[in-house]
Amino acid sequence: MKSLAELEEIRKKTLEQISLRTNKDGLRIVVGMATCGIAAGARPVMTALLEELKKRNISNVSVTMTGCIGVCKLEPVIEVINPDGSKVTYVKMNAEKAVRVVAEHVVNGRVCTDLTIGASEVK
Amino acid sequence: MRDLSLHLMDILQNSITAKASKIEVKISADQVSDDIIFTVSDNGTGMDEDFLKQVTSPFTTTRTTRKIGLGVPLFKEAAELAGGTFEIYSAKNQGTTVKATFKISHLDRLPLGDITETMVGVILSKPETQWVLQLSNKKDEFSFDSYEVIDKLGGVPITEYEVITWVKEYIDEGIKFIFGGVLHEIIS
């Protein structure tokens, strides 16, 4: 069985790494997690975002949940919000697309235009 | 909703919206009475009597985008379809408690699903909230308290990857230990 005592080890190990990081404002990713989002599969999207960010060691991007954004038919919806407040809304997400958004948008700064809400309206 | 953990996430979202600072989840299974009981209690803003009366209606919601709210009614339906019951208690400024009971062996009972993923998801999303998870099967108990973890961490955020991995494994072990063999979908 795991015990709380193991946390002491983790604390020692991670404390040094944390102090090295700069905490400048980065992107904010918001995942729609109301009934509509969860039923459409928002939880695996959120998990994929978090895991991909950790895999790439990106620490200045926060991932949070929000309620219903208002376009239930396009769920799961995520919003990538820049520090200046402008945002990109991605719709009909899944875990693979979430990984792509991290790789292309978050890391390389290229918006995945084919996944945005604008692209879904054209179809 | 495909499983109970997704319903749980939906209900927890309500507690977050109600600005709760402490949210407790209790799941207890009893093989003898064939019941599994989900209880979610929060200390959020609560509801007044009028709102409480109609909260299980799909046409009741606090949101402003439209007049439909399905979280609570769907959870109620899932319980009642599985031979169970659904109760909700609340008082303005005192918090809310949601209690759903399911018959474990009922054909229409949804599987438990990934409770760990739900808990880790809400912790990562609102690490400042005190998250408590208690599991029981009448014989044994398991409990997790995010504030206990934070206390032990002394300055390391609970959202750190190593910590969250530990939390995941810890809760997974608890679920296996408590519900393994009790719920047929969990192998002991």
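Up top is the structure.
Computed from a predicted model, the values in this text were never measured in an experiment.

Basis of the calculations
- Residues numbered from 1 in each chain as written.
- Chains lettered and ligands numbered in written order.
- Predicted model: local features only at pLDDT ≥ 70, side-chain atom pairs only at ≥ 80, totals over all residues.
- Heavy atoms only, no water.
- Helix = DSSP H or I, 4+ residues; strand = E, 2+ residues; numbered from the N terminus.
- Buried < 20%, exposed > 50% of the residue type's maximum accessible area, 1.4 Å probe, protein only.
- Areas by Shrake-Rupley, 256 points an atom, 1.4 Å probe, with all protein chains shown as cover.
- Lys, Arg positive; Asp, Glu negative; His and termini not counted.
- Charge placed at Lys NZ, Arg CZ, Asp CG, Glu CD.
- Contact = heavy atoms within 4.5 Å.
- Salt bridge = Lys/Arg side-chain N within 4 Å of Asp/Glu carboxyl O.
- Buried area = accessible area lost by both parts, 1.4 Å probe.
- Polar contact = N/O pair within 3.5 Å; in protein donor to acceptor, adjacent residues only side chain to side chain.
- Nonpolar A, V, L, I, M, F, W, Y, C, P; charged D, E, K, R; others polar.

1. So, the overall build of chain A
- Secondary structure summary: chain A contains 5 helices and 4 strands in total.
- The order of α-helices and β-strands along chain A, N terminus first, is α-β-α-α-β-β-β-α-α.
- C-alpha atoms of chain A, sized along the principal axes, occupy 55 × 35 × 20 Å.
- Across the 123 residues of chain A, 45% fall into the buried class.
- When the accessible surface of chain A is summed, it comes to about 6,400 Å², and 51% of that surface belongs to carbon and sulfur atoms.
- Positive and negative side-chain charges in chain A, numbering 18 and 14 respectively, have mean positions lying 2 Å apart.

2. Some remarks on the environment of B:L110
Residue and element names in this part refer to chain B.
- Mapped onto the secondary structure, L110 falls in the loop between β4 (95-103) and α4 (115-125).
- Counting along the chain gives 97 residues from L110 to Q13, while the straight-line C-alpha distance between them is 20 Å.
- Each residue touching L110, except ones within four places of it in the same chain, is listed here: M1, R2, D3, L4, H7 and A78.

3. Here we look at the pattern of salt bridges
- Evaluation of the coordinates by the stated rule reveals 13 salt bridges over all chains.
- With its nearest N and O atoms 2.8 Å apart, the salt bridge here joins A:R100 to A:D114. One end of the pair, A:R100, is in helix α4 (residues 95-107); the other, A:D114, is in the loop between α4 and α5 (117-122), with 14 residues separating them in the sequence.
- With its nearest N and O atoms 2.9 Å apart, the salt bridge here joins B:K103 to B:D35. Taken together, the residues B:K103 in strand β4 and B:D35 in strand β2 (residues 35-42) connect sequence positions 68 residues apart.

4. Some remarks on the environment of B:G113
- Take B:G113: it is sitting in the loop between β4 and α4.
- Along the primary structure B:G113 and B:E185 are separated by 72 residues, whereas in three dimensions their C-alpha atoms are 8.9 Å apart.

5. Describing the interface of chain A and chain B
- Opposite the 35 residues of chain A that make contact, chain B presents 39 residues.
- Both sides together, the interface formed by chain A and chain B hides about 3,200 Å², and carbon and sulfur atoms give 65% of it.
- When residues of chain A are sorted by the area they lose upon contact with chain B, A:K2, A:L4 and A:R43 head the list and together hold 23% of the total.
- Counting across the interface, chain A meets chain B through 3 salt bridges.
- In this assembly, chain A and chain B are joined by 11 residue pairs in polar contact (both at pLDDT 80 or more).
- Elements represented by at least two residues in the side of chain A that touches chain B include exactly α1 (6-20), α2 (35-40), α3 (42-55) and β2 (62-66) of chain A.
- Per element, the largest residue contribution to the side of chain A that touches chain B is 9 residues, and it comes from α1(A).
- Of the residues assigned to the side of chain A that touches chain B, the class counts are 19 nonpolar, 8 polar and 8 charged.

Geometric descriptors of this kind do not, in isolation, establish any biological role.
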